[in-house]
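Coordinate inspection notes
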Amino acid sequence: MPVPQLLVLFGSQTGTAQDVSERLGREARRRRLGCQVQALDSYPVVNLIHEPLVIFVCATTGQGDPPDNMKNFWRFIFRKNLPSTALCQMDFAVLGLGDSSYAKFNFVAKKLHRRLLQLGGSALLPVCLGDDQHELGPDAAVDPWLQDLWGKVLGLCPLPPGLDEIPPGVPLPSKFSLLFLHEVPSVGSEGQQVAHPGSREPPSESHPFLAPMISNERVTGPSHFQDVRLIEFDISGSAISFAAGDVVLIQPSNSAAHVQQFCQALGLDPDQLFTLQPREPDVLPPTRLPQPCSMQHLVSQYLDIASVPRRSFFELLACLSLHELEREKLLEFSSAQGQEELFEYCNRPRRTIVEVLCDFPHTAAAIPPDYLLDLIPAIRPRAFSIASSMLTHPSRLQILVAVVQFQTRLKEPRRGLCSSWLASLDPGQGPVRVPLWVQPGSLAFPEMPDVPVIMVGPGTGVAPFRAAIQERVAQDRTRNVLFFGCRWRDQDFYWEAEWQELEKRGCLTLVSAFSREQEQKVYVQHRLRERGPLVWELLDRQGAHFYLAGNAKSMPADVSEALVSIFEEEGGLCSSDAAAYLARLQRTRRLQTETWA
C-alpha cells in the first residue's frame with residue numbers, strides 16, 4: 001500500500017517559514033506520512049494540478065511583498081487565464097508568518113488563501129496568521145493551528161493499520177550520514193564552488209564570484225554611535241552586470257573564535273575530512289559544500305552557529321541528549337508550555353547556538369555528527385543595495401554597510417554576522433576575497449529620459465539612490481530630487497561632497513534633514529511637507545516617480561502620511577481621494593519602496 005503523500009511548499013526570506021515547513025515535514029513523518037518540503041520557486045508549479053494535499057507556509061516581507069524564493073510562483077498563480085477548476089482536486093491549508101506592526105500584516109498568506117479558493121481548492125482550515133509581535137512569537141498562533149491541521153490530515157490519511165505515531169522524544173533519522181575519511185584524498189575538492197574570472201555565466205548562489213575587496217572605509221565620524229562602512233569590490237571579468245536598484249548578495253563566514261568554541265564544545269576535529277551521504281534517494285547534498293569537506297569548512301562557511309536558535313533546535317537537541325537534567329530542560333524549552341521561558345532564555349537576550357551548546361555541555365559533547373545539518377541551519381546570504389553605477393565605475397561594485405552591534409543582558413555584545421565579518425576584513429593587510437552575486441532588487445527606475453525622480457533615503461537607505469543618481473547623471477538625466485536624513489551633518493552625512501558637486505552642476509536638488517541638530521527632531525517626512533508644492537508639481541503635473549528606501553518600522557508609514565497631507569493641501573483633494581491617489585501611484589509603480597527590518 002503506497003504511503004500517503006503530503007507536499008509542504010514555502011516562501012521564506014529570513015528562514016522562519018522554512019523552519020516551520022521543516023517542522024511540518026518532521027511531524028508528518030512521525031505520523032507515517034511521506035512528505036516533500038520545497039521552496040515554492042524550486043517546485044514545478046504546473047504539477048500543482050495533480051497534488052491532492054498541500055500546505056503552504058508563506059512569510060510577508062517589506063510592504064506586503066512575497067519572499068524572493070516564491071516570486072515566480074506568485075506571478076504564475078495570479079495569471080488571469082488559469083481556470084477556476086484548476087485546483088479542484090486539492091485540499092490545502094495556508095500558514096502565514098508576519099508582523100502585526102506593519103500595515104500589510106500577513107498580506108501574502110491572506111491573498112494566497114483567497115486565490116487558491118478561486119482556483120477550486122478546498123481549504124482544510126482558515127488561514128493561520130503567525131505574528132512576530134506576540135510575546136511568544138508566531139508559535140502562539142502556529143501551535144494550536146497545527147494541532148487542528150493534523151486532525152484534518154489524519155482524517156484524510158489515517159495511520160496504517162498496526163502502526164502508531166513515532167513519539168516526540170525519539171529522534172527521526174538524520175538527512176545525511178557523514179562518512180569520515182581516514183586518508184586525505186590525493187586530489188581534494190575542498191573549497192567553495194565559485195564562478196571564475198572570464199566565465200560567461202553570471203555568478204549565482206551555487207557559484208558565487210570571489211570578488212577582491214579594494215577598500216573598506218568607515219564613513220561615519222569617530223564619535224558617532226554607529227560604524228558605517230563604504231566597501232568597494234573589483235568585479236573585473238566576473239560577468240556581473242547590474243543597474244540602479246539591483247542588490248548584491250554576500251555569503252558571510254563565522255568568526256574564527258566562534259568556530260573554535262563550537263568545535264571544542266562538540267569535540268570535533270576541524271581537520272577531519274568527510275563525505276555527505278543522503279539517506280533518502282530524492283535528497284541531494286548542499287551545493288555549497290564540497291565533497292570531500294572538512295569540519296573546519298562546514299562550521300566556518302556553512303553552519304549558522306552565531307544565529308539565535310529556533311524551537312526546532314531544542315526539540316532535536318532534547319531527542320539527542322543523554323544527560324537527564326539537560327534533557328529535562330531542553331524538553332521544557334521545546335514544549336508549547338515552555339515558550340515563555342524559552343523566549344526569556346534565548347530570544348530576548350539574542351543568545352546564539354554556540355552559547356546554548358556551551359550551556360548544555362554534556363548534550364553538546366554527545367551530538368552525533370550525522371545530525372549537524374539537521375540541527376543547525378545554513379548561513380543565509382545577506383542582501384545589500386548596490387551603491388554605485390557601472391556607468392560611473394565600470395568594474396567596481398560599492399555597498400554601504402551599517403555594522404550591527406548592540407548590548408543585551410549577556411556580557412558579550414550581539415553582533416550582526418555579515419556586517420561584523422565584512423568590517424573585520426582589511427584589504428590593506430593582504431588580499432581579501434568575498435563570495436558574492438547580484439540579483440534584481442525591488443526598485444526599477446524610469447526608462448524615459450525626461451521623467452523626474454523623487455528619492456527619499458534616510459541613513460543607509462540612500463545607498464540605492466546614489467547608484468540611481470550616478471546612472472541618471474551619466475545619461476544626462478538631471479531631474480533628480482533627493483531627500484536625505486541623518487542625525488548630524490558632521491557625523492553621518494554620507495557622500496556630502498558628491499551631492500554638493502552635483503547640485504552645483506544642476507544635476508540634483510538635495511533636501512536634507514538632520515534630526516539631532518535642533519531641539520525638535522526633524523525627519524525626511526517633515527522636509528517633504530515643507531517642499532509640498534515641489535512634490536505635488538513633480539508628481540501631478542510632470543509625472544515624476546517616487547522612491548523610498550530605509551528602515552521598515554515607522555518611516556514608510558510616516559512618509560505615506562506626509563504624501564497624503566501634500567495631496568490634500570496642494571492638490572485640494574479630500575482625504576479619501578488623497579488616499580486613492582497614493583494607492584494609484586503604488587499600483588502603477590510610480591511609487592516604489594525598498595525597506596528592511
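Our subject is the structure listed above.
Here is what the cut-offs are and how they apply
- Residues numbered from 1 in each chain as written.
- Predicted model: local features only at pLDDT ≥ 70, side-chain atom pairs only at ≥ 80, totals over all residues.
- Heavy atoms only, no water.
- Salt bridge = Lys/Arg side-chain N within 4 Å of Asp/Glu carboxyl O.
- Helix = DSSP H or I, 4+ residues; strand = E, 2+ residues; numbered from the N terminus.
- Buried < 20%, exposed > 50% of the residue type's maximum accessible area, 1.4 Å probe, protein only.
- Core = buried A, V, L, I, M, F, W, Y, C linked by side-chain atoms within 4.5 Å.
- Contact = heavy atoms within 4.5 Å.
- Expected span 1.5 Å × (residues − 1).
- Arc of directions from axis to C-beta.

What to know about the pattern of salt bridges
Taken as a whole, this structure holds 24 salt bridges when the rule is applied. A salt bridge links Glu27 to Arg23; the nearest nitrogen and oxygen atoms lie 3.0 Å apart. Of this pair, Glu27 and Arg23 both sit in helix H1 (residues 16-30), separated by four residues, roughly a single helical turn. Both residues of the pair, Glu27 and Arg23, count as buried. A salt bridge links Asp234 to Arg396, with the nearest nitrogen and oxygen atoms 3.3 Å apart. Taken together, the residues span a long stretch of sequence, with Asp234 in strand S9 (residues 228-234) and Arg396 in strand S14 (residues 396-402) at a distance of 162 residues.

Some remarks on the nonpolar core
Among the nonpolar cores identified, the biggest contains 43 residues, and Phe262, Leu298 and Leu372 are the most heavily contacted of them. The leading source of residues in this core is helix H7 (residues 311-320), at seven residues. Ignoring sequence-local partners within four residues, the contact set of Phe262 consists of Leu268, Val299, Leu303, Ile305, Val354, Leu357, Leu372 and Ile376. Core analysis: the second largest hydrophobic core is formed by 30 residues, Val228, Tyr494, Cys507 and Leu508 among them.

Here we look at helix H3 (residues 107-118)
Here H3 is twelve residues long and its end C-alpha atoms lie 17 Å apart, about the 16 Å a rise of 1.5 Å per residue gives. Of the positions making up H3, those classed as buried are Val108, Ala109, Leu112, His113, Arg115 and Leu116. Down the axis, H3 shows its buried residues gathered within 170° of arc, on one side only. As for H3, its buried residues are in contact with strand S3 (53-59), helix H2 (71-77), strand S4 (91-98) and strand S5 (122-123). Gly120, located one to two residues past H3, shows a positive phi value of around 95°.

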